[in-house]
Amino acid sequence: MMNKRIANMLLRGLCGGGLMSLGLLASEASAAPSDYVNTLRGSNSEYEGYSRGATFPATAVPFGFNFWTPMTDASKNNWIYQYNQNAIQAFTISHMPSPWMGDRQTFQFLPQSGAVVVDRASRAAAFSHANETARAHYYSVKFNNGIQTEIAPTDHAAALRFTFPGTSSYLLFDSIGPEKGTVDASISFDNAAGTISGYTDHSSWSAHAPRMYFYAKFSKPIAESARVSGQRQLTSWVRFNTVAGEKVGLSFATSFISVAQAQANLAQEIGSKSFDVVKLEAQSAWDSMLGKIEVEGASEDQKTILYSNLYRAFLYPNSAWENVNGTPSYATPYVGGHPVKTGKVYVNNGFWDTYRTTWPLYSLLIPTRTGEMIDGFVAGYRDGGWITRWSAPAYANSMVGTSSDALIADAYLKGVRNFDVSAAYDSMMRNAMTYSSGSDRGRKGMSRSLFMGYMPQDITGSEFDSGEDRQSTSWSLESYLNDFAISQMARVLGRTNEAQYLLNRSLNYVNLFSSSVGFFRARKADGSWFVSDANFKPNTWGCGFTEGNAWHYSTLVPHDGQGLANLYGGKSALANKLDALFDGSRDYDLSCIGLIHEIREAYDVNMGQYAHSNQPGHHTLYMYSYAGTPWRIQQRVRAILNNLYKSGIGNGDGYLGDEDNGEMSAWYLFSAMGFYPVSVGRPEYAIGAPFFSKMTVHLENGRNIVINAPNVSDTNKYIQSLAVNGQPYSRSFLPHSLLANGATLDFTMGSSPTTWGSGDINAPTSLTSGSNIAQPLADVAKGGIASASLDNPGSGEGIGSAFDDDSRTKWFAPQSTSWFRYQLPQGKTVKMYTLTSANDFPDRDPRSWTLQASHDGNTWVTLDTQTGQTFAWRYQTRMFLLGNNNTAYTHYRMQINEVNGSTHTQLAEFELLGK
């Protein structure tokens, strides 16, 4: 039965503006949130030229299986729609995560009249944006030749409607663009039944994308069908006998499993529904999501920006599972041959971009769906051994860090638990504790960085492309953030050893800070700086940094804001650093990198070295909370919201920089609410400043966050006072638990800055307290003497290989019980130690051992004994705590008592972590 909301929407849609004459309430005639969505925002972008979002007008349902979109260039699989073009060459089914990753599993179609025209340039149909409607739930365009196309989506299907002006009407189909060079699709026709079916294998990442099957049914019989020969792609067409102005409907469904499943998807989602019902059900689905935020005191343009940003945030990631006879199933992209498995898988996400804002937004607004989506990515670990770093749909060598670690931990700490926690945690530990020789999974450089405390810029390895900028500073800083987040989840799970070890490792950011230049910077493996002090320029892009420079990464320690301030000389010094970043010159040095679009956009931000156009800087503004000057956030955030986000109405603008999977949109949404998840993995938010006079956030549990700022304006942008649930509130951060239970935030705003929120007691949480610089434990087994039983240095697998900070080498002993020892130059107190498995032969891994220590090498005390230990992966590092040891020893001895079944022993690395 149709629900009341859809019935009212349908009545509104069919009766146009005549609702009042029917006696319905005026509120029913008001615009729905979906009416403000403009999917053309950000589509006025240029390949490697200038990004105003790098989006395309995707019509879909929230987190849907398919996108449906027009194409101004049907030969492309990335920049498929550009606002400044005035002709459409095709419509397509799309699964594009971003133009930089390219499209896959596509199928193109184009209505024509009079005669079939195959050549893309020749068949392009001119149109005016005035005759184009681009909403989340509905796309329509009327060509200058009179043909109109309308699209309304479901999850795996869509209802399409074509209005033809003449009597001879065609629908042309293309499988893929010409760059592929082969026919990799099939199509069959049943003219009498008015159906088509087939498949396409088009994929930018061909090893990972399953075949896409389709099944479609027209509203009338097909008069004629044909395939066009001589094409590099499969091209075909169907013809209908129509009268002028006739509408021909098409219900089109897809599947990654089979044609039969595509047909089942069509029956489940559309069946006999009319186009208008499908459209209004899609609109209702979007309004249910978009309506989670209501706003007062917003202009029409601001409502377009707000709800279009919500659309972008809820567009990705995408479901890739199907209902197979009542059972959720998916063709896995993580295993060759794509076998069908049970469960719900999700794809299309660049976690380096999205972990900062979109995933915290999901945890706040839609925690149940968040858990389902997390589990959908954990499927990558269950099926293929790793969670993707960039899902397109599976493993892709793109961007830095294993940021799924942070987003999963953040969600868990905020109460999201409906996912496979055990497998998720194992995936995080594999990322954090193992070296991967593959370039598209795990953290790069782990063969050295895990033991050195930073990734060297001059590192080599099979995971790197020839000539690749190692981006070592970015990799290291992101890894510290992920280690922190995992440590917080490990603590809650009771994994004490791992929690303490990773928390310690998250403090290694101090290893990359150079007090001589006042910035984080790249180091070499020998410990020297990659660029000398004399040649160091903080405005140099590249040379260890991903899509940025030292200024952009100067505050990327949000998990320890007080520790960061201490590096700079205190809170006032951190405030001065931030001021210099925002107020300084915006000149750039390009000696390490060519001109990329991020540089052009960062320049046009016009806020010194602040680059809101790229994700590594998105936390920067909120670091003022740690500097004791939260009024600076209030001063600057409003300018960013006003100037760097546009409605895009009439020009296709929207953002300054790539809008990656909703990340920039979610930044806007949080900042407009007046708080921001500055430290992902810590369940709290730094307070910024409210943007609207009132926002109401409807939570999944039925409670609301009400944000009142009745006198806020571009002038009254400074917080004078804040009351939370009626009580005065002076802290500059909000716990997640407070917001998740529903809260009323009453802001009093004024035209002058105040000291509200300043003072040490009001700052967000940090790992470091006081004024001391963090001093993480480090491997003390350096510069000493190593020896072992039956050691053969000439073999290249001598005991030195266990102390060389490189897990790609190993110590080998041709016996199952063996020992090795290390003599330090001076006594050190060891608090933890680690062992790392070698590259092969798991049966040679140590299983039981005893660690002993001595002052003289003759009299030994036992520090730790372990039995029955195993290593889950090759190159895995495992840690063990010596919490009760407070004595500094000069000699340490490891006795291997048992291995996992072999008559030999091998070990890649051994560390003694202490001071």
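Before reading on, note that the structure itself is shown above.
Note that the coordinates shown come from a computational prediction; the quantities given were computed from them, not determined experimentally.

Draft legend 1. Seen up close, the side chain of Q105. In this fold, Q105 is placed in the loop between β3 (90-94) and β4 (107-113). Among the residues examined, Q105 registers a relative accessible area of 1% and is labelled buried. At 2.9 Å, the side chain of Q105 and the side chain of R104 are in polar contact. A polar contact of 3.0 Å, which involves the side chain of Q105, links it to the backbone oxygen of P210. Beyond its immediate chain neighbours, meaning those up to four positions away, Q105 contacts I93, H95, H202, A209, P210, M212 and F256.

Draft legend 2. Here's a closer look at unusual backbone geometry. In this structure, P317 follows Y316 across a cis peptide bond, with omega equal to -10°. By secondary structure assignment, the location of P317 is in the loop between α6 (300-313) and β17 (318-319). For the peptide bond that leads from A392 to P393, omega is -5°, which places it in the cis range. Relative to the elements of secondary structure, P393 occurs in the loop between β23 (390-391) and α10 (404-413). Despite not being glycine, N348 shows a phi value in the positive range, around 70°. Among the secondary structure elements, N348 is positioned in the loop between β21 (346-347) and β22 (349-350).

Draft legend 3. Spotlight on the environment of P153. With respect to the helices and strands, the residue P153 is situated in strand β7 (residues 148-153). Separated by 697 residues in the primary sequence, P153 and T850 have C-alpha atoms spaced 63 Å apart. Not counting the four nearest positions on each side in its chain, P153 is found in contact with T59, A60, V61, W68, A136, H137, A158, V278 and A282.

Draft legend 4. Molecular detail of the packing of helix α13 (residues 472-493) against helix α14 (residues 496-506). Between α13 and α14, whose axes approach to 8 Å, the crossing angle comes to 155°. Regarding the angle of α13 to α14, the classification is roughly antiparallel. With respect to the hand of their crossing, α13 and α14 are arranged in left-handed fashion. Residue-level inspection shows Y480, D483, F484, I486, S487, Q488, A490 and R491 of α13 in contact with α14, the latter providing E498, A499, L502, L503, R505 and S506. For the contact of α13 with α14, the per-class residue count stands at 7 nonpolar, 3 polar and 4 charged.

Draft legend 5. Seen up close, the pattern of salt bridges. Considering all chains together, one arrives at 37 salt bridges under this definition. Salt-bridge contacts for R441 lead to D440; the nearest nitrogen and oxygen are separated by 3.0 Å. Assessed through its relative accessible area of 16%, D440 is described here as buried. Here the salt bridges share partners, and the residues they tie into one network are D405, R443, D483 and R505.

Draft legend 6. The side chain of T235, seen in detail. Relative to the elements of secondary structure, T235 occurs in strand β14 (residues 235-241). A polar contact is formed between the side chain of T235 and the side chain of D174, at a distance of 2.7 Å. Those residues in contact with T235 that sit more than four places away from it in its chain are V118, L172, F173, D174, R227 and V228.

Draft legend 7. Seen up close, the state of the cysteines. Applying the stated criterion across every chain yields a total of 1 disulfide. One disulfide bridge connects C543 with C592, the sulfur atoms lying 1.7 Å from each other. Looking along the S-S bond of the C543-C592 disulfide, the torsion reads about -65°, which is the left-handed sense. In this pair, C543 sits in the loop between β25 (519-520) and α15 (561-568) while C592 sits in the loop between α16 (571-583) and α17 (597-605), placing the two residues 49 residues apart along the sequence.

Draft legend 8. Focus on the sheet that holds strand β29 (residues 704-708). Here we have 6 strands laid out as an open sheet, ordered β16-β28-β29-β33-β30-β31, and mixed in their pairing. Strands with a single pairing partner mark the edges of an open sheet, and in this sheet they are β16 (293-296) and β31 (727-728). Here β29 pairs with strand β33 (residues 743-750) via 4 bridges, running parallel. Across the sheet, residue I705 finds its bridge partner in β33, namely A743.

Draft legend 9. Up close: the sheet that holds strand β19 (residues 327-331). The 3 strands are arranged β18-β19-β20 in an open sheet whose pairing can be described as antiparallel. Two strands in the sheet have a free side with no partner beyond their single neighbour: β18 (322-324) and β20 (340-342). Across the sheet, the mean angle separating the axes of adjacent strands is 50° when strand polarity is ignored. Strand direction decides the pairing type here: β19 and β20, joined by 3 bridges, are antiparallel. Among the inter-strand pairings, Y330 is bridged to a residue of β20, identified as K341.

Draft legend 10. Structural detail: the pairing of strand β10 (residues 185-190). Pairing of β10 with strand β11 (residues 195-200), which is carried by 6 bridges, proceeds in the antiparallel orientation. Looking at β11, one finds that D190 is bridged to T195. Counting the residues in the hairpin turn of β10 and β11 gives 4 residues, including G194, whose phi is positive at 70°.

Draft legend 11. Structural context of the environment of Y892. Position of Y892 relative to the elements: it lies in strand β41 (residues 888-899). With a relative accessible area of 2%, Y892 lands in the buried category. Residues Y892 and W79, spaced 813 residues apart in sequence, show a C-alpha to C-alpha distance of 60 Å.

Draft legend 12. Broad picture of the packing of helix α18 (residues 631-643) against helix α19 (residues 663-673). At a minimum axis distance of 11 Å, the contact between α18 and α19 shows a crossing angle of 135°. Our classification of the angle between α18 and α19 gives oblique. By crossing handedness, the relation of α18 to α19 is classed as left-handed. Facing α18, whose interface residues are V637, I640 and L641, α19 presents W667, Y668, S671 and A672. Here the contact of α18 with α19 is built from residues that sort into 6 nonpolar, 1 polar and no charged.

Draft legend 13. A look at α10. In terms of residue burial, α10 counts as a mostly covered element, since 10 of its 10 residues are buried. For α10, the complete set of buried residues consists of S404, D405, A406, L407, I408, A409, D410, A411, Y412 and L413. As for α10, its buried residues are in contact with α7 (351-354), α8 (358-365), α9 (367-384), α11 (421-433) and α13. Looking one or two residues beyond α10, the residue adopting positive phi is G415, at roughly 95°.

Draft legend 14. How the structure looks around the pairing of strand β30 (residues 718-724). β30 sits mainly inside the fold: 5 of its 7 residues count as buried. Two strands pair when backbone bridges link them, and β30 and β33 are joined in this way by 6 bridges, in the antiparallel orientation. Within β33, the position partnered with Y718 by the bridge is G750. Taken together, the 2 bridges between β30 and β31 define a ladder with antiparallel strand orientation. Its bridge partner lying in β31, V724 is registered against Q727. Hairpin remark: β30 followed by β31, antiparallel, with 2 residues in the connecting loop; positive phi at N725, about 55°.

Draft legend 15. Quick look at the packing of aromatic side chains. Considering all chains together, one arrives at 59 aromatic pairs under this definition. Arranged with centres 6.4 Å apart and planes meeting at 35°, the rings of F162 and F164 form a pair that is tilted. Neither residue differs from the other here; F162 and F164 are each classed as buried. Taking the centre distance of 6.1 Å and the plane angle of 85° together, the rings of Y889 and Y892 count as edge-to-face. For the residue pair Y889 and Y892, the accessibility class agrees, reading buried in each case. An aromatic cluster of three or more residues is present, and its members are W68, F91, F107, F109, Y139, F143, F162, F164, F173, F214 and F252. The residue whose ring lies beneath R523 is W529, and the NZ or CZ to ring-centre distance is 4.0 Å.

Here is what the cut-offs are and how they apply
Residues numbered from 1 in each chain as written. Predicted model: local features only at pLDDT ≥ 70, side-chain atom pairs only at ≥ 80, totals over all residues. Heavy atoms only, no water. Helix = DSSP H or I, 4+ residues; strand = E, 2+ residues; numbered from the N terminus. Buried < 20%, exposed > 50% of the residue type's maximum accessible area, 1.4 Å probe, protein only. Polar contact = N/O pair within 3.5 Å; in protein donor to acceptor, adjacent residues only side chain to side chain. Contact = heavy atoms within 4.5 Å. Axes fitted to C-alpha atoms, helices over the stretch in contact; angles between N-to-C directions. Parallel < 35°, antiparallel > 145°, perpendicular 65-115°, else oblique. Left-handed = near helix turned anticlockwise from the far one by under 90°. Nonpolar A, V, L, I, M, F, W, Y, C, P; charged D, E, K, R; others polar. Salt bridge = Lys/Arg side-chain N within 4 Å of Asp/Glu carboxyl O. Disulfide = S-S within 2.5 Å. Pairing = 2+ DSSP bridges. Phe/Tyr/Trp six-rings, centres within 6.5 Å; stacked < 30°, edge-to-face > 60°. Lys NZ or Arg CZ within 6 Å of the ring centre and 35° of its normal.

Remember, this is a structural readout, not a statement about activity or role.
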